[in-house]
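Tertiary structure, described
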Amino acid sequence: MEVEILERTFYSFHLISNSNLNDLFENDFNTIFKSLPQYQKTLLEEKKGLKTGSCFINATPGTFYNRLFSTSSIHFFHFSYCLHSGQEYNVPEKLIEGEEALRWDNIYLTRTSPVSMHKAYLEQFQKDFKQFLKSRSEELVTGGGMLLAFIGRQDTSEIRTAWELIDMSLKDLLLEKLVEKETLECFNMPNYDPSMEEVKQVIEKEGSFILQKLETVPQDWDRNTNGGGNDKNKVDENMRGEIEVKYVRAVTEPLLKTHFGERIMDA
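Quantities reported herein were computed from a predicted structural model and do not represent experimental measurements.

1. Focus: the pattern of salt bridges
One pass over the structure, following the stated rule, counts nine salt bridges. For Glu185, the salt bridge identified is with Lys181, shortest N-O distance 4.0 Å. In this pair, Glu185 and Lys181 both sit in helix α5 (residues 181-185), four residues apart, roughly one turn of the helix. Given the relative accessible area of 55%, Glu185 is considered exposed. Judged by relative accessible area, which is 49%, Lys181 ranks as partly exposed. One salt bridge connects Arg249 with Glu253, and the closest N-O pair in it is separated by 3.2 Å.

Here it is as structure tokens:
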């Protein structure tokens, strides 16, 4: 999505524009900037003869749950697949602190998790999302806009199976003595997949934005591996499994490596 936005900016109205990329401080921004010259060259080759505007790209490291830019300096924000993770990758404090800390056998919410656990995750999401909205509203110019795309759920009781599979894998590593029991017991996925109604309630309660459109877009994990109706492009079950594993790994590897160490990633 970000690439499509950059392309449209580059070719629209021959304007001079400024695009700001954001990620945490640990991200290797050098890799991004090294790829930009070739990216621009490819675009120019694909769009020969078309006049283009100038697009200046900057990187702004830091957590988006706090202020990133000066007041009234941004016309449009786009955040993609990031708001399901809590601030600084935090799990709810109630789950890890105090004498009444909640205990359970899984690394994430499941269908059998107690109501108190669901409530703790929801409250943490509401707190973090409200802070995010407040920060962005102060940075937008009057009349500016924002597009958010993040992982959610349609049914309030439906929990993603991907995290359950990671939980099963970690327990297998425990049996093989590749991870310590204490290390696994204190690990929790800091993610919460809100429902559409939960997102709407926070936006309306925070009050900085007018909600113009809210929709869910169901997606299959392997929707790009079924050949698009062409049997020649279909892959077998083993390849589909490998693709899905790489997808999950791309999302969770930084978190897992930090907690368990790099050696378990290919165990």
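2. A look at the confidence of the model for the protein
Residues at a pLDDT of 70 or more form 75% of the protein, whose mean pLDDT is 78. Looking over the protein, one finds the lowest element-wise mean pLDDT in helix α1 (residues 2-11), namely 53, and the highest in helix α6 (residues 196-206), namely 95.

3. Overview of unusual backbone geometry
Residue Ser72 is not a glycine yet carries a positive backbone phi of 55°. Of note, Ser72 is situated in the loop between β2 (54-61) and β3 (74-80). Residue classification places Ser72 among the partly exposed residues on the basis of a relative accessible area of 45%. Positive phi values are uncommon outside glycine, yet Lys177 reaches one of about 60°.

4. Some details on the packing of aromatic side chains
Aromatic ring pairs are defined here through the distance separating the ring centres and the angle between the ring planes. Summed over the entire model, instances satisfying the criterion amount to 12 aromatic pairs. For the pair Phe125 and Tyr192, a centre-to-centre distance of 5.8 Å together with 40° between the ring planes defines the contact as tilted. One end of the pair, Phe125, is in helix α3 (residues 115-139); the other, Tyr192, is in the loop between α5 and α6, and 67 residues separate them in sequence. A ring pair is formed by Phe187 and Phe260, whose centres lie 5.0 Å apart and whose planes are at 65°; its orientation type is edge-to-face. Here Phe187 is found in the loop between α5 and α6, whereas its partner Phe260 is found in helix α7 (residues 237-260), with 73 residues between them in sequence. For Phe260, a relative accessible area of 10% corresponds to the buried category. Taken together, the ring pairs in this structure connect Phe64, Tyr65, Phe69, Phe77, Phe79, Phe125, Phe129, Phe132, Phe150 and Tyr192 into an aromatic cluster. The ring centre of Phe77 lies 5.5 Å from the NZ or CZ of Arg136, which sits over that ring.

5. Some words on helix α2 (residues 29-46)
In this model α2 runs 26 Å from its N-terminal to its C-terminal C-alpha over 18 residues, within 8% of the 26 Å that 1.5 Å per residue would give. Most pronounced at Leu36, the bend in α2 amounts to some 35°, and the proline Pro37 follows within four residues. Among the residues making up α2, those that are buried are Phe29, Leu36 and Leu43.

6. Focus on the nonpolar core
In summary, soluble globular proteins display a tendency toward joint burial of nonpolar side chains. With 39 residues, the main nonpolar core has Phe64, Leu83, Ile107, Phe129, Phe132, Leu170 and Phe260 as its most contacted residues. Mapped onto this core, the elements with two or more residues apiece are β3, α3, α4 (161-175), α6 and α7. Here this core gets six residues from one element, more than from any other, and that element is α3. Filtering out sequence-adjacent residues up to four positions away, Phe129 remains in contact with Tyr65, Leu83, Leu148, Val199, Val202 and Ile203.

7. Here's the deal with a nonpolar patch on the surface
On the surface, a nonpolar cluster with roughly 200 Å² of combined accessible area is contributed by Met196, Leu211 and Leu214. You can see Leu211 is positioned in the loop between α6 and α7.

8. Overview of α6
Taken as a whole, α6 has its buried residues at Glu198, Val199, Val202, Ile203 and Glu206. Down the axis of α6, the buried set is contained in an arc of 130°. They therefore lie on one face. If you follow the buried residues of α6, they end up packed against α3. One or two positions beyond α6, positive phi appears at Gly207, with a value near 85°.

9. Focus: the side chain of Arg136
Tracing the sequence through the fold places Arg136 in helix α3. Since its relative accessible area comes to 0%, Arg136 is described here as buried.

10. Comments concerning the packing of α3 against α6
Pairs of packed helices are described in terms of their axes, by the angle between the two and the distance that separates them. The N-to-C vectors of α3 and α6 enclose an angle of 45°; their axes lie 10 Å apart at closest approach. In terms of orientation, α3 and α6 fall into the oblique class. The interaxial crossing formed by α3 with α6 has right-handed handedness. Taking contact as the criterion, the partners of Leu122, Phe125, Gln126, Phe129, Lys130, Leu133 and Lys134 in α3 are, on α6, Glu198, Val199, Val202, Ile203 and Glu206. Along the lines of polarity and charge, the residues of the contact of α3 with α6 split into seven nonpolar, one polar and four charged.

Scoring rules and cut-offs
Residues numbered from 1 in each chain as written. Predicted model: local features only at pLDDT ≥ 70, side-chain atom pairs only at ≥ 80, totals over all residues. Heavy atoms only, no water. Salt bridge = Lys/Arg side-chain N within 4 Å of Asp/Glu carboxyl O. Helix = DSSP H or I, 4+ residues; strand = E, 2+ residues; numbered from the N terminus. Buried < 20%, exposed > 50% of the residue type's maximum accessible area, 1.4 Å probe, protein only. pLDDT = per-residue confidence, 0-100. Phe/Tyr/Trp six-rings, centres within 6.5 Å; stacked < 30°, edge-to-face > 60°. Lys NZ or Arg CZ within 6 Å of the ring centre and 35° of its normal. Expected span 1.5 Å × (residues − 1). Bend = angle between axes of the 7 residues up to and from the residue. Core = buried A, V, L, I, M, F, W, Y, C linked by side-chain atoms within 4.5 Å. Contact = heavy atoms within 4.5 Å. Patch = residues over 30% accessible without salt bridge, like charges linked within 9 Å, V, L, I, M, F, W, Y side chains within 5 Å. Areas by Shrake-Rupley, 256 points an atom, 1.4 Å probe, with all protein chains shown as cover. Arc of directions from axis to C-beta. Axes fitted to C-alpha atoms, helices over the stretch in contact; angles between N-to-C directions. Parallel < 35°, antiparallel > 145°, perpendicular 65-115°, else oblique. Left-handed = near helix turned anticlockwise from the far one by under 90°. Nonpolar A, V, L, I, M, F, W, Y, C, P; charged D, E, K, R; others polar.

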